[in-house]
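Analysis of the macromolecular model
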Amino acid sequence: MPHVTISHDTTYRYRDPVIPGAHRLMLRPRETRDLRLVGFDLDVTPEARIDWSHDVAGNAIATANFLASSDTIVIRARTIVELSAPAWPVFAIAASAIDYPFLYSADDRADLGALVAPQYVDQDRRLADWVCGFVRSTPTDTLSLLKDLSNGIAARIAYEVRETEGTQGPLDTLDRGWGSCRDLAVLMAEACRTLGLGARLVSGYLYDPQGSSLGSAGSGSTHAWVEVFVPGAGWITYDPTNRAVGAANLIPVAVGRRMSQIAPVTGSFQGAPSDLHTMEVAVSVTAA
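Quantities reported herein were computed from a predicted structural model and do not represent experimental measurements.

**Regarding the overall build of the protein**
Across its full length, the protein holds five helices and 18 strands. Here the protein has a C-alpha radius of gyration of 20 Å; the compact-globule value for 288 residues is 19 Å, and the two agree. Based on the C-alpha atoms only, the size of the protein along its principal axes is roughly 60 × 45 × 40 Å. When each of the 288 residues of the protein is scored for burial, the buried share is 46%. By element, 50% of the accessible surface of the protein is carried by carbon and sulfur atoms, the whole surface being about 13,800 Å². Placing the 24 positive and 32 negative side-chain charges of the protein at their respective mean positions leaves the two points 2 Å apart.

Given below as C-alpha coordinates:
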(Lines give C-alpha, C1' and ligand atoms only; values in the text may rest on other atoms or scores of the structure.)
Protein backbone atom coordinates (compact mmCIF):
# COMPACT_ATOMS: atom_id res chain seq x y z
CA MET A 1 0.00 0.00 0.00
CA PRO A 2 1.70 3.20 -1.14
CA HIS A 3 2.20 6.17 1.15
CA VAL A 4 1.87 9.45 -0.71
CA THR A 5 2.96 12.96 0.24
CA ILE A 6 0.99 15.95 -1.03
CA SER A 7 2.21 19.53 -0.94
CA HIS A 8 -0.30 22.23 -1.89
CA ASP A 9 0.82 25.87 -1.74
CA THR A 10 -1.32 28.88 -2.66
CA THR A 11 0.31 32.32 -2.68
CA TYR A 12 -1.40 35.67 -3.21
CA ARG A 13 0.74 38.78 -3.72
CA TYR A 14 -0.70 42.29 -3.59
CA ARG A 15 0.71 45.63 -4.72
CA ASP A 16 0.02 47.12 -1.27
CA PRO A 17 -1.00 45.61 2.07
CA VAL A 18 -4.65 44.55 2.10
CA ILE A 19 -7.06 43.40 4.79
CA PRO A 20 -7.85 39.73 4.05
CA GLY A 21 -11.38 38.47 4.47
CA ALA A 22 -12.19 34.98 5.71
CA HIS A 23 -10.77 32.25 3.49
CA ARG A 24 -12.49 28.88 3.05
CA LEU A 25 -9.97 26.06 2.70
CA MET A 26 -10.81 22.56 1.45
CA LEU A 27 -7.43 20.86 1.58
CA ARG A 28 -7.79 17.97 4.04
CA PRO A 29 -8.45 14.65 2.22
CA ARG A 30 -11.57 12.61 2.95
CA GLU A 31 -10.79 9.39 4.81
CA THR A 32 -12.45 6.38 3.18
CA ARG A 33 -12.06 2.61 3.27
CA ASP A 34 -9.46 3.08 0.50
CA LEU A 35 -7.60 6.04 2.01
CA ARG A 36 -6.07 6.48 5.45
CA LEU A 37 -4.94 9.95 6.50
CA VAL A 38 -1.51 9.55 8.11
CA GLY A 39 -0.71 13.21 8.66
CA PHE A 40 -2.01 16.66 7.82
CA ASP A 41 -0.52 20.08 8.56
CA LEU A 42 -1.93 23.48 7.59
CA ASP A 43 0.15 26.64 7.82
CA VAL A 44 -1.16 30.12 7.00
CA THR A 45 0.68 33.46 6.72
CA PRO A 46 -0.04 36.09 8.05
CA GLU A 47 -1.29 34.75 11.36
CA ALA A 48 -4.89 33.58 11.32
CA ARG A 49 -7.42 31.85 13.55
CA ILE A 50 -8.37 28.51 12.00
CA ASP A 51 -11.89 27.19 12.66
CA TRP A 52 -12.73 23.64 11.54
CA SER A 53 -16.16 22.38 10.51
CA HIS A 54 -17.88 19.97 8.13
CA ASP A 55 -20.27 20.99 5.37
CA VAL A 56 -23.47 19.21 4.39
CA ALA A 57 -21.50 16.69 2.29
CA GLY A 58 -19.12 15.83 5.13
CA ASN A 59 -16.16 17.73 3.66
CA ALA A 60 -13.64 19.11 6.16
CA ILE A 61 -13.65 22.92 5.99
CA ALA A 62 -10.98 25.15 7.53
CA THR A 63 -11.95 28.81 7.79
CA ALA A 64 -8.98 31.16 8.14
CA ASN A 65 -9.75 34.49 9.82
CA PHE A 66 -6.66 36.65 9.39
CA LEU A 67 -5.47 38.85 12.24
CA ALA A 68 -3.40 41.40 10.31
CA SER A 69 -3.11 43.15 6.96
CA SER A 70 -0.41 41.98 4.56
CA ASP A 71 0.85 42.27 1.00
CA THR A 72 1.22 38.47 0.82
CA ILE A 73 -1.00 35.56 1.83
CA VAL A 74 0.51 32.07 1.83
CA ILE A 75 -1.52 28.93 2.50
CA ARG A 76 0.48 25.70 2.79
CA ALA A 77 -0.96 22.22 3.28
CA ARG A 78 1.20 19.13 3.80
CA THR A 79 -0.47 15.72 3.75
CA ILE A 80 0.56 12.07 3.97
CA VAL A 81 -1.96 9.40 3.00
CA GLU A 82 -1.95 5.63 2.64
CA LEU A 83 -3.76 4.35 -0.45
CA SER A 84 -5.28 0.87 -0.65
CA ALA A 85 -7.86 1.00 -3.46
CA PRO A 86 -7.53 -1.99 -5.83
CA ALA A 87 -6.60 -1.38 -9.45
CA TRP A 88 -9.39 -3.72 -10.59
CA PRO A 89 -12.34 -3.24 -8.23
CA VAL A 90 -15.32 -5.57 -8.03
CA PHE A 91 -18.65 -3.96 -7.16
CA ALA A 92 -21.40 -5.80 -5.29
CA ILE A 93 -24.35 -4.27 -7.12
CA ALA A 94 -27.78 -4.85 -5.59
CA ALA A 95 -29.93 -7.20 -7.66
CA SER A 96 -32.43 -4.39 -8.20
CA ALA A 97 -29.78 -2.18 -9.85
CA ILE A 98 -27.85 -4.65 -12.03
CA ASP A 99 -29.86 -3.56 -15.06
CA TYR A 100 -30.65 0.01 -16.11
CA PRO A 101 -33.16 1.59 -15.80
CA PHE A 102 -33.78 0.90 -12.13
CA LEU A 103 -35.53 2.77 -9.33
CA TYR A 104 -33.83 4.07 -6.21
CA SER A 105 -35.56 3.28 -2.95
CA ALA A 106 -37.66 6.09 -1.52
CA ASP A 107 -35.03 6.78 1.16
CA ASP A 108 -32.12 6.80 -1.32
CA ARG A 109 -34.04 9.06 -3.69
CA ALA A 110 -34.85 11.51 -0.89
CA ASP A 111 -31.27 11.57 0.41
CA LEU A 112 -29.73 11.95 -3.05
CA GLY A 113 -32.05 14.90 -3.69
CA ALA A 114 -30.47 17.43 -6.03
CA LEU A 115 -27.66 15.02 -6.96
CA VAL A 116 -30.17 13.25 -9.22
CA ALA A 117 -31.49 16.45 -10.84
CA PRO A 118 -29.73 17.95 -13.91
CA GLN A 119 -28.04 21.25 -13.07
CA TYR A 120 -27.91 22.76 -16.58
CA VAL A 121 -30.63 23.73 -19.04
CA ASP A 122 -30.96 21.33 -21.98
CA GLN A 123 -33.95 22.89 -23.69
CA ASP A 124 -33.43 21.17 -27.05
CA ARG A 125 -32.49 17.81 -25.44
CA ARG A 126 -29.10 17.87 -27.15
CA LEU A 127 -27.33 16.39 -24.13
CA ALA A 128 -30.18 13.97 -23.42
CA ASP A 129 -30.16 12.66 -26.98
CA TRP A 130 -26.37 12.25 -26.93
CA VAL A 131 -26.47 10.37 -23.63
CA CYS A 132 -29.28 8.09 -24.81
CA GLY A 133 -26.96 6.91 -27.57
CA PHE A 134 -25.02 4.98 -24.92
CA VAL A 135 -28.08 2.97 -23.83
CA ARG A 136 -27.68 -0.12 -26.00
CA SER A 137 -30.99 -1.71 -25.06
CA THR A 138 -33.74 -1.60 -22.46
CA PRO A 139 -32.87 -3.00 -20.04
CA THR A 140 -29.07 -2.83 -20.26
CA ASP A 141 -26.23 -3.65 -17.87
CA THR A 142 -25.75 -0.70 -15.48
CA LEU A 143 -21.98 -0.95 -15.04
CA SER A 144 -21.42 -1.42 -18.77
CA LEU A 145 -23.52 1.66 -19.48
CA LEU A 146 -21.54 3.79 -17.04
CA LYS A 147 -18.22 2.52 -18.36
CA ASP A 148 -19.30 3.16 -21.97
CA LEU A 149 -20.38 6.68 -21.00
CA SER A 150 -17.06 7.46 -19.30
CA ASN A 151 -15.07 6.05 -22.22
CA GLY A 152 -17.31 7.84 -24.70
CA ILE A 153 -16.59 11.17 -23.05
CA ALA A 154 -12.86 10.51 -23.20
CA ALA A 155 -13.16 9.60 -26.89
CA ARG A 156 -15.27 12.65 -27.76
CA ILE A 157 -13.52 15.31 -25.62
CA ALA A 158 -9.81 16.08 -25.90
CA TYR A 159 -8.13 16.83 -22.58
CA GLU A 160 -6.50 20.25 -22.34
CA VAL A 161 -5.08 22.09 -19.35
CA ARG A 162 -7.17 25.19 -18.72
CA GLU A 163 -5.81 27.74 -16.27
CA THR A 164 -8.85 30.04 -16.23
CA GLU A 165 -11.27 29.85 -13.32
CA GLY A 166 -14.70 28.30 -13.57
CA THR A 167 -16.07 25.35 -15.46
CA GLN A 168 -17.55 24.92 -18.91
CA GLY A 169 -21.15 23.83 -19.16
CA PRO A 170 -21.68 20.31 -20.54
CA LEU A 171 -23.07 21.53 -23.87
CA ASP A 172 -20.11 23.93 -24.26
CA THR A 173 -17.73 21.01 -23.71
CA LEU A 174 -19.56 18.88 -26.28
CA ASP A 175 -19.55 21.73 -28.82
CA ARG A 176 -15.88 22.60 -28.34
CA GLY A 177 -14.64 19.04 -28.16
CA TRP A 178 -12.04 19.85 -25.50
CA GLY A 179 -11.91 20.55 -21.81
CA SER A 180 -10.00 20.24 -18.57
CA CYS A 181 -10.50 17.38 -16.12
CA ARG A 182 -13.15 19.40 -14.28
CA ASP A 183 -15.02 20.03 -17.55
CA LEU A 184 -15.05 16.31 -18.35
CA ALA A 185 -16.21 15.56 -14.80
CA VAL A 186 -19.08 18.05 -15.08
CA LEU A 187 -20.13 16.50 -18.40
CA MET A 188 -20.06 13.00 -16.88
CA ALA A 189 -22.06 14.02 -13.80
CA GLU A 190 -24.68 15.85 -15.86
CA ALA A 191 -24.95 12.90 -18.26
CA CYS A 192 -25.59 10.54 -15.33
CA ARG A 193 -28.22 12.88 -13.87
CA THR A 194 -29.89 13.03 -17.27
CA LEU A 195 -30.25 9.25 -16.99
CA GLY A 196 -31.82 9.67 -13.54
CA LEU A 197 -28.70 8.55 -11.65
CA GLY A 198 -27.28 10.26 -8.57
CA ALA A 199 -23.85 11.75 -9.27
CA ARG A 200 -21.49 14.04 -7.40
CA LEU A 201 -18.30 15.83 -8.40
CA VAL A 202 -15.02 15.16 -6.63
CA SER A 203 -11.95 17.37 -6.34
CA GLY A 204 -8.62 16.10 -5.12
CA TYR A 205 -5.30 14.80 -6.34
CA LEU A 206 -4.03 12.16 -8.74
CA TYR A 207 -1.03 10.06 -7.74
CA ASP A 208 0.71 9.19 -10.99
CA PRO A 209 3.97 7.35 -10.25
CA GLN A 210 4.37 6.25 -13.88
CA GLY A 211 3.69 9.71 -15.32
CA SER A 212 1.22 8.19 -17.77
CA SER A 213 -2.09 9.69 -16.63
CA LEU A 214 -3.80 12.88 -17.74
CA GLY A 215 -4.69 15.62 -15.29
CA SER A 216 -1.57 15.43 -13.14
CA ALA A 217 0.81 17.59 -15.16
CA GLY A 218 1.64 21.18 -14.29
CA SER A 219 2.44 23.01 -11.08
CA GLY A 220 -1.19 23.32 -9.98
CA SER A 221 -2.13 19.72 -10.56
CA THR A 222 -5.33 19.20 -8.65
CA HIS A 223 -7.69 16.74 -10.31
CA ALA A 224 -11.45 16.23 -10.70
CA TRP A 225 -13.62 13.18 -11.30
CA VAL A 226 -17.11 11.80 -10.58
CA GLU A 227 -18.83 9.39 -8.21
CA VAL A 228 -22.09 7.71 -9.22
CA PHE A 229 -24.42 6.13 -6.65
CA VAL A 230 -25.42 2.55 -7.47
CA PRO A 231 -27.38 0.59 -4.83
CA GLY A 232 -25.37 -2.15 -3.20
CA ALA A 233 -22.00 -0.81 -4.30
CA GLY A 234 -22.61 2.75 -3.10
CA TRP A 235 -20.55 5.54 -4.65
CA ILE A 236 -18.55 4.24 -7.63
CA THR A 237 -15.64 6.34 -8.89
CA TYR A 238 -15.31 7.25 -12.58
CA ASP A 239 -12.45 9.32 -13.97
CA PRO A 240 -13.46 10.11 -17.58
CA THR A 241 -10.21 12.01 -18.17
CA ASN A 242 -8.31 8.72 -17.89
CA ARG A 243 -11.07 6.22 -18.78
CA ALA A 244 -10.65 4.80 -15.27
CA VAL A 245 -13.09 3.06 -12.94
CA GLY A 246 -12.41 2.84 -9.21
CA ALA A 247 -10.44 4.97 -6.78
CA ALA A 248 -6.94 3.59 -7.37
CA ASN A 249 -4.37 6.42 -7.15
CA LEU A 250 -7.09 9.03 -6.55
CA ILE A 251 -7.05 11.14 -3.39
CA PRO A 252 -10.45 12.78 -2.78
CA VAL A 253 -10.59 16.03 -0.84
CA ALA A 254 -14.15 17.27 -1.37
CA VAL A 255 -17.40 16.16 -2.98
CA GLY A 256 -20.28 18.34 -4.11
CA ARG A 257 -23.11 18.98 -6.50
CA ARG A 258 -21.27 21.76 -8.37
CA MET A 259 -17.60 22.54 -8.90
CA SER A 260 -17.97 25.95 -7.25
CA GLN A 261 -18.75 24.17 -3.97
CA ILE A 262 -15.47 22.25 -3.84
CA ALA A 263 -12.78 24.78 -4.78
CA PRO A 264 -9.62 24.20 -2.67
CA VAL A 265 -9.20 27.87 -1.66
CA THR A 266 -11.73 30.70 -1.79
CA GLY A 267 -11.58 34.06 -0.07
CA SER A 268 -11.67 37.83 -0.35
CA PHE A 269 -9.82 40.98 0.61
CA GLN A 270 -10.64 44.63 1.22
CA GLY A 271 -9.21 46.73 -1.58
CA ALA A 272 -9.42 47.39 -5.29
CA PRO A 273 -9.38 44.44 -7.72
CA SER A 274 -6.15 45.86 -9.18
CA ASP A 275 -4.43 45.36 -5.81
CA LEU A 276 -4.05 41.65 -6.54
CA HIS A 277 -0.70 41.33 -8.31
CA THR A 278 -0.28 37.56 -8.71
CA MET A 279 -1.77 34.27 -7.53
CA GLU A 280 0.35 31.13 -7.71
CA VAL A 281 -0.59 27.53 -6.97
CA ALA A 282 2.01 24.80 -6.59
CA VAL A 283 1.01 21.16 -6.06
CA SER A 284 3.15 18.06 -5.85
CA VAL A 285 2.01 14.48 -5.29
CA THR A 286 4.90 12.08 -4.69
CA ALA A 287 5.77 8.81 -2.98
CA ALA A 288 6.37 9.39 0.71
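**Brief notes about the sheet that holds strand S14 (residues 244-245)**
Across a sheet, strands are paired by hydrogen bonds formed along the backbone, either parallel or antiparallel in direction. Reading across from one edge, S14-S13-S12-S11-S15 is the order of the five strands in this open sheet, with antiparallel pairing throughout. Single-partner strands in this sheet number two, and they are S14 and strand S15 (250-256). With respect to the sheet, helix H5 (residues 181-194) is in contact with strand S11 (199-206), strand S12 (222-230) and strand S13 (234-239), its orientation differing from that of S12 by roughly 10°.

**Considering the pairing of strand S5 (residues 60-66)**
Taking burial as the measure, the seven residues of S5 include five buried ones, the bulk of the element. As judged from the three bridges shared by strand S2 (residues 23-25) and S5, these two strands associate in the antiparallel manner. Bridge pairing links His-23 to Ala-64 in S5. Sheet topology places strand S4 (residues 48-54) next to S5; seven bridges connect them, and they run antiparallel. What sits directly across from Ala-48, in S5, is Phe-66.

**What about H5?**
An α-helix turns once every 3.6 residues. As a result, residues three or four positions apart point the same way. With 14 residues, H5 should cover 20 Å at 1.5 Å per step; its first-to-last C-alpha distance of 20 Å lies within 8% of that length. The buried fraction of H5 is high, at 13 of 14 residues.

**Things to note about the nonpolar core**
Counting 72 residues, the largest nonpolar core has Trp-130, Leu-149, Leu-197 and Ile-251 as the members making the most contacts within it. Tallying contributions element by element places H5 first for this core, with nine residues. In this structure, Trp-130 is in contact with Leu-149, Gly-152, Ile-153, Arg-156, Leu-174 and Leu-187, ignoring residues within four places of it in sequence. By size, the runner-up hydrophobic cluster in this structure holds five residues, among which are Val-202, Leu-206, Leu-250 and Val-255.

**Observations concerning helix H3 (residues 142-156)**
Here H3 contains 15 residues, and its C-alpha end-to-end distance of 21 Å stays within 8% of the 21 Å for a straight helix at 1.5 Å per residue. Buried within H3 we find Thr-142, Leu-145, Leu-146, Leu-149, Ser-150, Gly-152, Ile-153 and Ala-154. Tucked into the core, H3 has its buried residues touching strand S7 (99-100), helix H2 (126-132), strand S8 (140-141), H5, S12 and S13. Sitting at the head of H3, Asp-141 places a side-chain oxygen 3.4 Å from the backbone nitrogen of Leu-143.

**Topic: the packing of aromatic side chains**
Any two aromatic rings considered together are summarised by their centre-to-centre distance and by the angle between their planes. Scanning the model with the defined rule gives six aromatic pairs in all. Taking 5.4 Å as the distance between ring centres and 90° as the angle between the ring planes, the aromatic pair formed by Phe-102 and Tyr-104 counts as edge-to-face. Note on Phe-102: relative accessible area 12%, which makes it buried. Each ring, one from Tyr-104 and one from Phe-229, has its centre 6.0 Å from the other, and the planes form 40°; the classification is tilted. In this pair, Tyr-104 is assigned in the loop between S7 and helix H1 (106-112) and Phe-229 in strand S12, connecting sequence segments 125 residues apart. You'll find Tyr-104 and Phe-229 in the same group, each marked buried. Each member of the aromatic cluster is reached from another via a ring pair, and the members are Phe-102, Tyr-104, Phe-229 and Trp-235. The lysine or arginine in question, Arg-258, covers the ring of Tyr-120, its NZ or CZ lying 5.3 Å from the ring centre.

The rules behind each value
Residues numbered from 1 in each chain as written. Predicted model: local features only at pLDDT ≥ 70, side-chain atom pairs only at ≥ 80, totals over all residues. Heavy atoms only, no water. Helix = DSSP H or I, 4+ residues; strand = E, 2+ residues; numbered from the N terminus. Rg over C-alpha atoms; globule rule 2.2 N^0.38 Å. Buried < 20%, exposed > 50% of the residue type's maximum accessible area, 1.4 Å probe, protein only. Areas by Shrake-Rupley, 256 points an atom, 1.4 Å probe, with all protein chains shown as cover. Lys, Arg positive; Asp, Glu negative; His and termini not counted. Charge placed at Lys NZ, Arg CZ, Asp CG, Glu CD. Pairing = 2+ DSSP bridges. Contact = heavy atoms within 4.5 Å. Axes fitted to C-alpha atoms, helices over the stretch in contact; angles between N-to-C directions. Expected span 1.5 Å × (residues − 1). Core = buried A, V, L, I, M, F, W, Y, C linked by side-chain atoms within 4.5 Å. Polar contact = N/O pair within 3.5 Å; in protein donor to acceptor, adjacent residues only side chain to side chain. Phe/Tyr/Trp six-rings, centres within 6.5 Å; stacked < 30°, edge-to-face > 60°. Lys NZ or Arg CZ within 6 Å of the ring centre and 35° of its normal.

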